[in-house]
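Descriptive structure summary
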Amino acid sequence: MKNVSRKMLAAALAVGLMSVGGFAGNSVQAAAAPFTVPQTNHEVQYYGAKDLRELAPGEVKSPNKNPYGLVYSDAITKNEPGKVNIHPVTYNLNGNQIAANIYTPAGYDAKDGKKYKAIVVAHPNGGVKEQVAGLYAQKLAEAGYIMMAADASFQGASGGQPRNLDNPAFRVEDIHGMLDILPSFPGVDADHMGALGICGGGSYTLKATQTDKRAKAVATLSMFNSGIVRRDGFLSSAKDTTFQRLADSSAERAKEAAGGDIARSVGMESQDLSEETLKKMPTLYSEGYVYYGKTHRHPNSTFMYTLRSNLDLFTFDAAANMDLINQPLLMIAGSDADTLYMTKDAFAKATGTTNKELYLVNGATHIQTYWVPKYVKEISAKLVSFFNKNL
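The following paragraphs examine the structure supplied in this document. Values in this document were obtained by computation on a predicted structure and should not be read as measured data. (Residues numbered from 1 in each chain as written. Predicted model: local features only at pLDDT ≥ 70, side-chain atom pairs only at ≥ 80, totals over all residues. Heavy atoms only, no water.)

Right, let's get into the pairing of strand β3 (residues 96–104). Taken across its 9 residues, β3 has 8 buried, putting it largely inside the fold. Here 9 bridges tie strand β2 (residues 85–93) to β3, and the two strands are oriented antiparallel to one another. When the sheet's bridge partners are listed, Ile86 is paired in β3 with Tyr103. The hairpin turn running from β2 into β3, its antiparallel successor, is 2 residues long, and Asn94 in that turn takes a positive phi close to 55°. (Buried < 20%, exposed > 50% of the residue type's maximum accessible area, 1.4 Å probe, protein only. Helix = DSSP H or I, 4+ residues; strand = E, 2+ residues; numbered from the N terminus. Pairing = 2+ DSSP bridges.)

A few words on the packing of aromatic side chains. Each pair of aromatic rings is reported with the distance of its centres and the angle of its planes. This model, assessed by the stated rule, comprises 13 aromatic pairs. Look at Tyr108 and Phe185: their rings are 5.9 Å apart centre to centre, the planes differ by 15°, and that puts the pair in the stacked class. In this pair, Tyr108 sits in the loop between β3 and β4 (116–122) while Phe185 sits in the loop between α3 (168–181) and β6 (188–198), placing the two residues 77 residues apart along the sequence. Pair check on accessibility: Tyr108 and Phe185 agree, each one buried. Judged by centre distance (5.3 Å) and plane angle (80°), the ring pair of Tyr291 and Tyr370 falls under edge-to-face. Within this pair, whereas Tyr291 is found in helix α8 (residues 283–295), its partner Tyr370 is found in the loop between β9 (356–361) and α11 (373–390), the two being separated by 79 residues in sequence. Of the two residues, Tyr291 and Tyr370, neither departs from the other in class, the shared state being buried. Grouped by ring-pair contacts, the aromatic residues Tyr291, Tyr292, Phe303, Tyr305 and Tyr370 constitute a single cluster. (Phe/Tyr/Trp six-rings, centres within 6.5 Å; stacked < 30°, edge-to-face > 60°.)

It is worth spelling out the pattern of salt bridges at this point. Evaluation of the coordinates by the stated rule reveals 13 salt bridges. Between Arg231 and Asp232 there is a salt bridge whose closest N-O contact spans 3.0 Å. Residue classification places Arg231 among the partly exposed residues on the basis of a relative accessible area of 30%. Here Glu276 and Lys280 are joined by a salt bridge, their closest N and O atoms 3.8 Å apart. Placement of both Glu276 and Lys280 in helix α7 (residues 275–280) is noted, with a separation of 4 residues, approximately one turn of the helix. (Salt bridge = Lys/Arg side-chain N within 4 Å of Asp/Glu carboxyl O.)

Right, here's the structure in full:
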């Protein structure tokens, strides 16, 4: 200590105090000792998406005559040179396996180094990638985009337990995960990616892109604000039962935590509803019953959601924080859709961008935008024009 001046000692002590006390400024911060977490077989992994793998033809199990399980009109039945091709893939999202389809445009060659603009598609509530999400993915691939449609976590062919958990946080993370993994597919230009969400997938796409600016342009079709409808009822028809339903969901979670069976809502697609009953239902539900249960049925598509999901859904509002979307925004809905009020509400709150458009498909209802050929043609053209301009 004899060779250390008092000034040097004071300076050293000052630096040490600043490091320990965490004072602001340009002080030198002491390196913290690493904290080791004990490893278990059930640890939570939260690292985003990785490990994209294309499935071999023999690995694709189809429940219908289409080899890829697709149920929409003019769907791909085989991959051919010079045409849009489909690539079933899997990847890991925070330790959970996700199933997806990637569509590549005509002339695509993974080895030629050409870069393509790309768009991720989020499917509707109750839907899967083989239905309307796949339809619009194929249509935009025909226009030259690489497209990805993935099954949500806990749903469709993706992993996760309990099955058909409907949790907004996971559905939003699914979209972040698609934006994570899609650039690892050959030919994707990571600087030119967009996002499209349909129905409930539209609400989760809005929420994801409020913060995730890797999506340079955002579009929704027939947006359905999932949390608000679960909380208030369709067209605000269930506000008087909100607290009772929350109490029921709380009791349900307690029962399941104690080892009880998981309760789920009745799947609309599995019911046998009469024409008289359908006429009394809102158009969304009567047409949805036919679409999901009859004309575009897929066994992975179901509305048998876990009842405890209300605990998470009641506080979710896609229209909250819409001012954080500063990307170009296109919101499409049918002029005759009984869900149109949800799109209008979110659109009005999107004050963070001046490049926005509300586009109404004249005469179309919510479900008709999923499959009616003339509406699909019109909507596809509008989406192509929007993404061509803004990606």
